[in-house]
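As a plain string of letters, each chain reads:
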Amino acid sequence: FYQVGDPVMATRNGRSAHMILPHPLNNGHCGYFNPVGYLQSERVACEYHMMSHDWCTSSPAGIQVLSYTDLLILKLPSQLDAVTINSTCYHITGEVVESSLVDMPTINGNDCDNVVMELEYHVIENGTDGISGVNAVVVVDTVSLTTERIIQLFSVQFLQGTQSEDIFHRSGNRGYQIGQPLLAGDAFQDRILLNIDSSDWLLVTTSNQYCDLAHSVPVLFGEDIDMSCDLNVTMVMDDCSELDAMVTKFYATFAKQYIGSYGNSNPDMLSEWIAVIGYNESLPDVESGSSNSCVGVATTQQLVILYGFTGSASYPVVKVVGAQYSYFTETVMTQQCFGLDCHGDQYVTLRTHVSFIEVSNTPTTILKRTTNIIRRLPDDFFYPFLSHASCTSCHALLMSLLVTICSLVGN
């Protein structure tokens, strides 16, 4: 039987193989020779570099769906009994596509269709009985033939035979909890596409690293973030419009269209989500300036999240009530170099600020007014006395009764 960390065995076309999960190498490039370790769930991101001008037609294994799904996974390492991989394919827009139609990349004009961008393995295990099933979710996209590199995301998750694959770990039971990931996603057909992995909901790049998904951290509720990263712009530094396109694409990679109002907002109910202001707004135009400079480059992205407390004062619920993206620009100087140093890489520092601002009013205690008690006698209380005016002793009795009543009321 499998032991923790053992490579998961497989067969391909009758030959022995391993179940592979690509891993980033030291330079951040994807290495496609890392076997999946039994019971070792993980998630990684790495770069795929197009090594030749015909990268789409040559269909390298790293970007084709078939290389990840055309496997038989051995239930136990010492037996030939195997299970097939049940695969589901999505276009990056969220549309389900037939797996057989996207097995291999194909050229479509100036683009390459069916390029693998994300892969999720869900491996069902039953203890010493080994692996009972494997499901794969593959996300493909259309990439321009002039693209030089893409970011790919890979993950594997081991689940027990009785465990559901559709468990969402939310960030609070109604209201948000401090330090939990902020719910964020994009809309598709009146619902929100929310990743099953909470660490991928809303990301920002880490400081002192290159600007890509391989170096990113999730945004946690209530925790302000001030990060910066270096974007390699060597290939476009002499063209301000290309520089603008690269910066815009970078920000679009991390931006999300909606943020959950509550820590357990339902993806099927748009009313429980807040549209982020500024998501669809174009960045300021970049113009070529004097002295080899690009004017108006958006080098800082700011995300402000407004939240407040709702409900009773004894049990307040944290709710996000608004969010907005805004950008700040500056002039970037293009590097002019002479001699041996002209081939060095050039970078632009991009900054990301995330801030949480409370906008709820402080609750105040309001005491109920003291109740005024008005003591009254019935309207016909003196009727028996007044109706017998001829009685000589009635007036004396009435006065005595009035004095008694006044003394009682006074007490």
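Residues numbered from 1 in each chain as written. Predicted model: local features only at pLDDT ≥ 70, side-chain atom pairs only at ≥ 80, totals over all residues. Heavy atoms only, no water.

## Comments concerning the overall build of the protein chain
Next up, step 1: When helices and strands are tallied, the protein chain shows four helices and 24 strands.
Next up, step 2: Here the protein chain, with 411 residues, has 38% of them falling under the buried criterion.
Next up, step 3: A separation of at least 24 residues holds for 66% of the contacts in the protein chain among residues at least 6 apart in sequence.
Next up, step 4: Per element, the accessible surface of the protein chain, about 23,400 Å² overall, is 52% carbon and sulfur. (Helix = DSSP H or I, 4+ residues; strand = E, 2+ residues; numbered from the N terminus. Buried < 20%, exposed > 50% of the residue type's maximum accessible area, 1.4 Å probe, protein only. Contact = heavy atoms within 4.5 Å. Areas by Shrake-Rupley, 256 points an atom, 1.4 Å probe, with all protein chains shown as cover.)

## A look at the nonpolar core
Next up, step 1: In this structure, Val-8, Met-19, Ile-73, Tyr-121, Ile-131, Val-134 and Phe-154 are the most contacted members of the largest nonpolar core, which totals 31 residues.
Next up, step 2: Of all the elements in the fold, those that place two or more residues in this core are strand E5 (42–49), strand E6 (72–74), strand E7 (82–91), strand E10 (111–125), strand E11 (131–144) and strand E12 (149–160).
Next up, step 3: Once residues lying within four places of it in the same chain are set aside, the contact partners of Ile-131 are Tyr-2, Val-8, Tyr-38, Ile-73, Leu-74, Lys-75, Val-83, Val-123, Ile-124 and Glu-125.
Next up, step 4: With 26 residues, the next largest nonpolar core counts Tyr-176, Leu-183, Ala-184 and Val-320 among its residues. (Core = buried A, V, L, I, M, F, W, Y, C linked by side-chain atoms within 4.5 Å.)

## A short note on the environment of Phe-254
Next up, step 1: In this structure, Phe-254 sits in helix H2 (residues 240–254).
Next up, step 2: Of the residues examined, Phe-254 reaches a relative accessible area of 8% and is grouped as buried.
Next up, step 3: Spatially, the C-alpha atom of Phe-254 lies 6.7 Å from that of Val-204, the residues being 50 residues apart in sequence.

## Brief notes about the packing of aromatic side chains
The relative placement of two aromatic rings is captured by the distance of their centres and the angle of their planes.
Next up, step 1: Here the structure, examined in full by the defined rule, presents 11 aromatic pairs.
Next up, step 2: Both rings, one in Tyr-38 and one in Phe-158, keep their centres 5.7 Å apart while their planes meet at 75°; by these two values the pair is edge-to-face. Placement of the pair is Tyr-38 in the loop between strand E4 (30–31) and E5 and Phe-158 in strand E12, with a sequence separation of 120 residues.
Next up, step 3: Overall, the relative accessible area of 11% leaves Phe-158 in the buried class.
Next up, step 4: Aromatic pair Tyr-251 and Tyr-327: ring centres 5.3 Å apart, planes at 55°, arrangement tilted. Of this pair, Tyr-251 sits in helix H2 while Tyr-327 is found in strand E23 (residues 317–333), placing the two residues 76 residues apart along the sequence.
Next up, step 5: Residue Tyr-251 is classed as buried on the basis of its relative accessible area of 2%.
Next up, step 6: Here a set of aromatic residues connected by ring pairs shows up, and it is made of Tyr-176, Phe-221, Tyr-307, Phe-309 and Phe-356. (Phe/Tyr/Trp six-rings, centres within 6.5 Å; stacked < 30°, edge-to-face > 60°.)

## Digging into the environment of Gly-14
Next up, step 1: For Gly-14, the location among the structural elements is in the loop between strand E1 (9–12) and strand E2 (15–18).
Next up, step 2: With relative accessibility at 75%, the residue Gly-14 sits in the exposed group.
Next up, step 3: Spatially, the C-alpha atoms of Gly-14 and Leu-71 are 9.8 Å apart, while their sequence positions differ by 57 residues.

## Notes on the side chain of Asp-141
Next up, step 1: Inspection of the secondary structure assignment puts Asp-141 in strand E11.
Next up, step 2: If we ignore the near neighbours within four places in the chain, the residues touching Asp-141 are His-91, Ile-92, Cys-112, Asp-113, Asn-114, Val-115 and Met-117.

## Some remarks on H2
Next up, step 1: Counted at 1.5 Å a residue, the expected span for H2 with its 15 residues is 21 Å, and the 22 Å between its end C-alpha atoms agrees.
Next up, step 2: Of the positions making up H2, those classed as buried are Cys-240, Leu-243, Asp-244, Val-247, Phe-250, Tyr-251 and Phe-254. With its buried residues spanning 125° around the axis, H2 presents them on a single face. Turned more than 90 degrees away from the buried face of H2, the exposed residues are Lys-249 and Ala-252. (Expected span 1.5 Å × (residues − 1). Arc of directions from axis to C-beta.)

## Describing the environment of Ser-355
Next up, step 1: Mapped onto the secondary structure, Ser-355 falls in strand E24 (residues 347–358).
Next up, step 2: Considering only alpha carbons, one finds Ser-355 and Gly-222, 133 residues apart in sequence, at a separation of 8.0 Å.
Next up, step 3: The residues touching Ser-355, leaving out its near neighbours within four places in the chain, are Asp-224, Leu-303, Val-304 and Ile-305.

## Points about unusual backbone geometry
Next up, step 1: A positive phi is found at Asn-13, a non-glycine position, where the angle reads about 55°.
Next up, step 2: Take Asn-13: it is sitting in the loop between E1 and E2.
Next up, step 3: On the basis of relative accessibility, which here comes to 70%, the residue Asn-13 falls in the exposed class.

## Quick look at the sheet that holds strand E19 (residues 258–260)
Next up, step 1: Ordered in space as E14-E13-E19-E20, the four strands form an open sheet in which the pairing is antiparallel. If you trace the sheet from one side to the other, it starts and ends with strand E14 (192–193) and strand E20 (273–275), each paired once.
Next up, step 2: Here strand E13 (residues 184–187) pairs with E14 via two bridges, running antiparallel. Considered in E14, the bridge of Asp-186 is made with Leu-193. (Pairing = 2+ DSSP bridges.)

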